[in-house]
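Structural description and commentary
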Amino acid sequence: MASSEVIEVKCPSCKAINRVSRIKVDSGLKPKCGKCKELLPMAKEALVVTDATFEQEVEKSSLPVLLDCWAPWCGPCRMLAPTIEELAEEMDGTIKVAKLNVDDNPKTASKFGIMSIPTLLVFKGGEIVDRMVGVQPKASIKEHLKDL
Ligand SMILES: [Zn+2]
């Protein structure tokens, strides 16, 4: 699973290579260089949401949430995945971009009646305000998000 990965980040100030746990970054920690204590620039990735964390990360989120409902066996989902990661980077600070594996998290998937994947759900204040089914171009997803 991506969230258990350790990634190597080069410090922009002293060029030291730092090993950073992705799970700590996902939980909101801002990693610093072990050598010179400068903040490390982290590429923002989509947050992995589960049945257990859905309420906290999505329903109680202070930011609007774009949730990608996907499964590993679904080809179109894999096509959409790079777009979701790019949106996570571009929307950082304005919209929380998250993904939910519907096979591993059937409770949340059935709660929202996910019949086909990929489905993109948009939440604001804990309520669904938008829903997109199927692979979407990034520009079209951003169009859906611009009024949030
Ligand atoms: Zn440094």
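Residues numbered from 1 in each chain as written. Predicted model: local features only at pLDDT ≥ 70, side-chain atom pairs only at ≥ 80, totals over all residues.

Quick word on helix H3 (residues 75–90)
Worth spelling out the cut-off: Each helix corresponds to a stretch of at least 4 residues labelled H or I by DSSP, and each strand to a stretch of at least 2 residues labelled E; elements are numbered beginning at the N terminus. Multiplying 1.5 Å by the helix residue count minus one yields the expected span of that helix. In this scheme, the bend at a residue equals the angle between the axes fitted to the seven residues that finish there and the seven that begin there. With C-beta atoms placed from the backbone, a residue counts as buried when 20 or more other C-beta atoms lie within 10 Å of its own, as exposed when 12 or fewer do, and as partly exposed for counts between those limits. By the criterion used throughout, residues are in contact when their C-beta atoms, derived from the backbone, lie within 7 Å.
End to end, H3 covers 24 Å across 16 residues, agreeing with the expected 22 Å (1.5 Å per residue, within 8%). At Ala81, H3 shows its largest bend, some 30 degrees, and a proline, Pro82, comes one to four positions later. The set of residues buried in H3 consists of Cys77, Leu80, Thr83, Ile84, Leu87 and Ala88. Considering only its buried residues, H3 is in contact with strand S4 (65–70), strand S5 (96–101) and helix H5 (138–145).

Examining the domain arrangement of the chain
Rules: Segmentation of the chain into domains, including their bounds, is taken from an automatic or database domain assignment.
What the domain assignment lists for the chain is domain 1 (1–42) and domain 2 (47–145). When each unit is reduced to the centre of its C-alpha atoms, the spacing between domain 1 and domain 2 is 25 Å.

Details of the pairing of strand S7 (residues 127–133)
The side chains of a regular strand alternate between the sheet's two faces. Under the convention used in this document: Here the rule is simple: two strands pair whenever DSSP picks up at least two bridges between them.
With six bridges joining them, strand S6 (residues 119–124) and S7 adopt antiparallel strand pairing. Among the inter-strand pairings, Val122 is bridged to a residue of S7, identified as Asp130. Between S6 and S7, which pair antiparallel and follow one another directly, the connecting turn spans two residues, one of which, Gly125, has a positive phi of 55 degrees.

Some remarks on the environment of Leu47
Along the polypeptide, Leu47 turns up in strand S3 (residues 47–49). Taking the C-alpha atoms as reference points, Leu47 and Glu57, separated by 10 residues in sequence, lie 8.9 Å from one another. Every residue in contact with Leu47, bar those within four places of it in the chain, is listed here: Asp26, Glu57, Lys96, Val97 and Ala98.

Structural notes on the environment of Lys111
Following the sequence through the fold, Lys111 ends up in helix H4 (residues 106–111). Placed 28 residues apart in sequence, Lys111 and Ala139 show a C-alpha to C-alpha distance of 28 Å.

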